[in-house]
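These are the residues of each chain, in order.
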Amino acid sequence: MNIIINQALRDYIDPLTTQEYLALERSLLKEGCRDALVLWGETLIDGHNRYAICQKHNIPFQTKQNDHFQSIEDVMLWMIDNHLARRSVSSFQRGVLALRKKEIITTRRKEKSSKEKAAEAELAAKEPDPVSVETREEIAKVAGLSKPAVAQIEKIRKAATPELIEAVRAGTVSINTAATIASLPSEQQVAAVAGGKKELQQAARQLRQPRTPKVSTEPETAKATNQEISAEHAVNAPISELERLRAENQALKAQIVELNAKLAAAQTLST
C-alpha cells in the first residue's frame, strides 16, 4: 500500500506534546491500532502520529477512504472539524483551529464572483449556516469558548513568541496569562518562559497592576512660598496630606510672628 505524506497537511494541525506522543505510543503498543487511518486517494489526512508509530514498531493498521473533497482546503476544513470533535483537544488549540477555519472561509468568500456571492447570500437567508465563522462570537461558538478567550488566543497568535505559544500548548501557562505576557517585547517573553511557571505568573501580575504616578513631597526646610499649594490641588489631596500642610503653614506663620517681634525689639534698642 502506497501512502503519501503531504507535509502541509501534516503540519496543519499542531504536533502532539512529548507526553501526548509517548502516551499514544504506549497505547498502540498495548492495544494495537484500533482506529483506521483516513486517506484521500493515497494521501494521509488523519492519523499521522499513529502511522509513524505503527511504522516504527511494525504494528498492523487499517485504512479507509474519504473522497468527498475537491481541494486541499476542503481537506483542511475537514481536519479542523475532526479535531474540534475530540475531547482531548485543549481550549487553546480549539481556539486556534476555529480561527484557522475562519481564515479559510474568509479567503474563499473573497475569491468568489459577485454572482456566487449573491447566490450564497440567498441560500444563507433560507438556510443559515450553523458553523459560520464570520464574527468572533461565531468563532467562539465553533470552538466552544468565550469571546474574551478567542480574543486572547488571537493576541497570542499575533504577538507571542514560539516559546510562549509552546508553553500555552503544554499547559505551563494559562491562555489569560499568555495573552498578558504577549504584550512584552520578544526577548522578555523568552526570558519569562525560561523562568518557568512562577516567573510567567509574576510577570503577568506586574503587567496587570495599575501604574500610579509618584507623589513628590517638599523638604521641611523649604521656604513658605514653596509650601503653598493651589486650591485645586488641596481639594484633590488626601485628608492626611491636607492636615500636614495646614500644620506646616501654621508653624511658618508662628515663626514669622516671632521673627517680626524680634526685629521690632532690635529696632527699639538701636534707637
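Residues numbered from 1 in each chain as written. Predicted model: local features only at pLDDT ≥ 70, side-chain atom pairs only at ≥ 80, totals over all residues. Heavy atoms only, no water.

A. Representation of the environment of Ala 167 in the model. As for its position among the elements, Ala 167 is in helix H9 (residues 162-169). Classification of Ala 167 as buried rests on a relative accessible area of 7%. For the pair Ala 167 and Lys 197, spaced 30 residues apart in sequence, the C-alpha separation works out to 9.0 Å. Not counting residues within four places of it along the chain, the set of residues in contact with Ala 167 comprises Thr 172, Val 173 and Val 193. (Helix = DSSP H or I, 4+ residues; strand = E, 2+ residues; numbered from the N terminus. Buried < 20%, exposed > 50% of the residue type's maximum accessible area, 1.4 Å probe, protein only. Contact = heavy atoms within 4.5 Å.)

B. Structural context of the layout of surface pockets. Space inside the largest pocket adds up to approximately 990 Å³. Elements represented by at least two residues in the lining of the largest pocket include exactly helix H1 (7-12), helix H2 (18-31), strand S2 (43-46), helix H3 (48-57), helix H4 (72-84) and helix H5 (91-111). Counting residues per element, the lining of the largest pocket draws most heavily on H2, which supplies six residues. Looking at side-chain class alone, the lining of the largest pocket contains 14 nonpolar, 10 polar and 11 charged residues. (1 Å grid on protein atoms, 1.4 Å probe; cavity = no way out; pocket = protein on both sides within 12 Å on 5 of 7 lines; lining within 4 Å. Points joined across faces, edges and corners; volume = space filled by probe spheres on them. Nonpolar A, V, L, I, M, F, W, Y, C, P; charged D, E, K, R; others polar.)

C. Just H3, in detail. Considered for burial, the residues of H3 that qualify are His 48, Arg 50, Tyr 51, Ile 53 and Cys 54. A positive backbone phi angle near 55 degrees is found at Asn 58, which sits one or two residues after H3.

D. Representation of unusual backbone geometry within the structure. Of note in the backbone geometry, Asn 58 takes a positive phi value of approximately 55 degrees without being a glycine. Since its relative accessible area comes to 69%, Asn 58 is described here as exposed.

E. Here's a closer look at the packing of aromatic side chains. One pass over the full model with this rule turns up three aromatic pairs. A centroid spacing of 6.2 Å and a plane angle of 85 degrees characterise the contact between Trp 40 and Phe 69, whose relative ring orientation is edge-to-face. Within this pair, whereas Trp 40 is found in strand S1 (residues 37-40), its partner Phe 69 is found in the loop between strand S3 (63-65) and H4, the two being separated by 29 residues in sequence. The class of Trp 40 is partly exposed, set by a relative accessible area of 24%. Ring geometry for Tyr 51 and Phe 61: centres 5.7 Å apart, planes at 85 degrees, overall edge-to-face. (Phe/Tyr/Trp six-rings, centres within 6.5 Å; stacked < 30°, edge-to-face > 60°.)

F. Layout of the pairing of S2. Inspection of the sheet shows S1 paired to S2 by three bridges, in the antiparallel sense. Bridge pairing in S2 places Leu 39 opposite Leu 44. With antiparallel pairing between neighbouring strands as the criterion, S1 and S2 make up a hairpin whose turn holds two residues, including Gly 41 at a positive phi of roughly 70 degrees. (Pairing = 2+ DSSP bridges.)

Honestly, it's all geometry; don't read function into it.
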